Amino acid sequence: MPHVTVHLNPDYYIQVNFLDSTIPVVPKSIFVDDDNIQALNITNCAVETLLPKTFEKASSLEFLWLDDNKIKVLKEYTFQGASKLKVISLSNNRIRTVSQAAFRYLPNLENLDLSKNQIKSLIAILANLPVLKRFSIEFNNLQTLDDNLFRNNTALEMLWLQGNDLQHLNPATFEPLGRLMYLDLSKNMLQTLDAHVFSNLGEITELYLSGNRIEHLKAGTLKGVPKLTILYIDSNSVKSIDAHFLDDVPALQTFSVNDNFLTTIPQELFDRTLNLTEISLIKNAIHKLQPGAFDRELDLTLTRITELDLARVAVLLPRLQVLDASDCVIESLGPINNVNHNRLYSLDISNNTLSVDELRKVQNMPLLESLTIGGNTMRNFEIVSLMERLPQLNDLELDGDDWNSLNITDIMLNDTQ
């Protein structure tokens, strides 16, 4: 292993970058007495080892990036001496072993990134990081989380745990995280969520659970997270949802359960989510919409609905503003009725099997501004008649048919010339 010596004048260098070089060992000589180096970036430099006392003279260092290297082990007191460090990034190395004392004597560390390594367990490595705000351990090999892992990390605000092998969550693990606002548990192996598992996360606003194996969404799971605004549970195995699953999240704005096995949505599911603006149910097995209080945006793409009764939509979903029912198997838009929908302004029913006669029924929705109907079975469509019945329409998409896209304003101008 070659010996590297670097001498710098601390009067001139505040940030030092070694990018895309070959430096098997971080040279201690970078740091001299009373140095002013505040940021050190040694990314993609084939670093294999962090020697003891490497940072004992790094008294001014605040930012350290060691991403995309070949580091395998973090030994005890690795960063001792760099007590002002705020950011350490070790993403995309080969780390398998982390000493419990690896991050000791770092009282100012706020951001720690250990993503894309090969770490299987974490025992007390965060115990001495009282001001840690952002911790990333995604895409490792974690199978469990120690109950006391975050015991001393009450300042934590953002936590990335996706891409591991977690099978179960213990409520005690998250109990100290009263300030957490963002939690990503996507792409693990979770099959169930215990009641109250997130009950102490009173400040959380974003929760991501996509890419697990969850089969049932139980009432009480979200108790204790009243500020939650975004919830993604895509690409699981969800077959059923308790009618009161969302009762504890009145601030929810986005709810996505795409690519699951749902066949129906409980009538009362959205009764208490008065702030909900987006519901996405893409790629489920829903054949029929139950009466319920859907809010402003509903995405039914790639479901198996064969009939979309526009008149009934107007009655059951009076607050709906955006409806995407593209790429389904819809054959009918219901009986011919005068539809009086006061809020719907965007409708996408493209790539279904609707005939011209069925498509004419959209003319009974006078507030439509955007309409996408391409990819159906129409041959001729009366554009001028449509414009007369839909005075607010300014965007008509016919992608998949002879026309691609029509700007209504341009057509009206051409028609008057």
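If you're wondering where the values come from, they're calculated on a predicted model, not measured in any experiment.

Caption draft 1: Geometry of the overall build of the protein chain. The helix and strand tally for the protein chain stands at five helices and 22 strands. Burial analysis of the protein chain (417 residues in total) assigns 50% to the buried set. In the protein chain, of all internal contacts separated by at least 6 residues, the share reaching a separation of at least 24 is 52%. Taken as a whole, the protein chain presents about 19300 Å² of accessible surface, with 45% of it coming from carbon and sulfur.

Caption draft 2: Representation of the side chain of N236 within the structure. In this structure, N236 sits in the loop between β13 (230-232) and β14 (240-241). Within polar-contact distance, the side chain of N236 engages the backbone nitrogen of I214 at 3.1 Å.

Caption draft 3: Region of the structure containing the pattern of salt bridges. The final tally for this structure, using the stated rule, is five salt bridges. A salt bridge links K227 to E203; the nearest nitrogen and oxygen atoms lie 2.9 Å apart. Here the residue K227 occupies a position in the loop between β12 (216-217) and β13, and E203 occupies one in the loop between β10 (182-184) and β11 (206-208), the gap between them amounting to 24 residues. Exposure remark for K227: the relative accessible area of 40% places this residue in the partly exposed category. Judged by relative accessible area, which is 32%, E203 ranks as partly exposed. A salt bridge links D357 to R360; the shortest N-O distance between them is 2.4 Å. Taking relative accessible area as the criterion, D357 reaches 53% and is therefore assigned exposed. In this structure R360 comes out as partly exposed when scored by relative accessible area, which is 30%.

Caption draft 4: How the structure looks around the nonpolar core. Grouped together as the largest cluster of nonpolar side chains are 113 residues, with contacts concentrated most on F103, F135, L183, F198, L231 and F255. Elements that contribute at least two residues to this core include exactly α3 (356-359) and α4 (383-389). Per-element tally for this core: the top contributor is α4, with three residues. Leave out the neighbours within four places in its chain, and L183 touches L159, L161, F174, F198, L201, I204, E206, L207 and Y208.

Caption draft 5: Representation of the packing of aromatic side chains. The final tally for this structure, using the stated rule, is nine aromatic pairs. A centroid spacing of 6.3 Å and a plane angle of 40° characterise the contact between F174 and F198, whose relative ring orientation is tilted. On the criterion of sequence distance, the pair formed by F174 in helix α1 (residues 171-174) and F198 in the loop between β10 and β11 is long-range, its members being 24 residues apart. Each member of the pair F174 and F198 is classed as buried. Arranged with centres 5.4 Å apart and planes meeting at 45°, the rings of Y182 and Y208 form a pair that is tilted. Here Y182 is found in strand β10, whereas its partner Y208 is found in strand β11, with 26 residues between them in sequence. No difference in accessibility class separates Y182 from Y208, as the two residues are buried.

Caption draft 6: Molecular detail of a positive patch on the surface. Among the surface-exposed residues, K70, K72, R94, R96 and K120 lie close enough to one another that they form a single positively charged patch. Along the polypeptide, R96 turns up in the loop between β5 (87-89) and β6 (97-98). Judged by its relative accessible area of 60%, R96 falls in the exposed class.

Caption draft 7: Here's a closer look at unusual backbone geometry. At A46, a position not held by glycine, the phi torsion is positive, near 60°. Note on placement: A46 falls in the loop between β2 (39-41) and β3 (63-65). Despite not being glycine, F139 has its phi angle at roughly 55°, a positive value. Within the element layout of this structure, F139 appears in the loop between β8 (134-136) and β9 (158-160).

Caption draft 8: Representation of the environment of S235 within the structure. Along the chain, S235 turns up in the loop between β13 and β14. On the accessibility criterion, S235 (35% relative accessible area) is partly exposed. Along the primary structure S235 and I214 are separated by 21 residues, whereas in three dimensions their C-alpha atoms are 9.2 Å apart. Setting aside residues no more than four positions away along its own chain, S235 makes contact with G211, N212, N258, D259 and N260.

Caption draft 9: Focus on the side chain of E138. With respect to the helices and strands, E138 occurs in the loop between β8 and β9. This buried residue, E138, is left without a salt bridge; K116 holds the nearest opposite charge, at 6.8 Å. The residues touching E138, leaving out its near neighbours within four places in the chain, are S115, K116, W160, L161, Q162 and N164.

Caption draft 10: Up close: the environment of N260. Checked against the element boundaries, N260 lands in the loop between β15 (254-256) and β16 (278-280). Between the alpha carbons of N260 and N236 there is a distance of 5.6 Å; along the sequence they are 24 residues apart. Apart from residues no more than four positions distant in its own chain, N260 is found in contact with I233, D234, S235, N236, S237, V238, K283 and N284. For N260, the side chain forms a polar contact with the main-chain nitrogen of N236, separated by 3.1 Å.

Caption draft 11: Spatial organisation of the confidence of the model for the protein chain. This prediction gives the protein chain a mean pLDDT of 83; 82% of its residues lie at or above 70. Low pLDDT, under 50, characterises residues 1-12; the stretch is placed with 21 contacts to residues that sit more than four places away or in other chains. Taken as a whole, residues 402-417 scores under 50 in pLDDT and shows 21 contacts with residues more than four places along the chain or in a different chain.

Calculation notes
Residues numbered from 1 in each chain as written. Predicted model: local features only at pLDDT ≥ 70, side-chain atom pairs only at ≥ 80, totals over all residues. Heavy atoms only, no water. Helix = DSSP H or I, 4+ residues; strand = E, 2+ residues; numbered from the N terminus. Buried < 20%, exposed > 50% of the residue type's maximum accessible area, 1.4 Å probe, protein only. Contact = heavy atoms within 4.5 Å. Areas by Shrake-Rupley, 256 points an atom, 1.4 Å probe, with all protein chains shown as cover. Polar contact = N/O pair within 3.5 Å; in protein donor to acceptor, adjacent residues only side chain to side chain. Salt bridge = Lys/Arg side-chain N within 4 Å of Asp/Glu carboxyl O. Core = buried A, V, L, I, M, F, W, Y, C linked by side-chain atoms within 4.5 Å. Phe/Tyr/Trp six-rings, centres within 6.5 Å; stacked < 30°, edge-to-face > 60°. Patch = residues over 30% accessible without salt bridge, like charges linked within 9 Å, V, L, I, M, F, W, Y side chains within 5 Å. Lys, Arg positive; Asp, Glu negative; His and termini not counted. Charge placed at Lys NZ, Arg CZ, Asp CG, Glu CD. pLDDT = per-residue confidence, 0-100.

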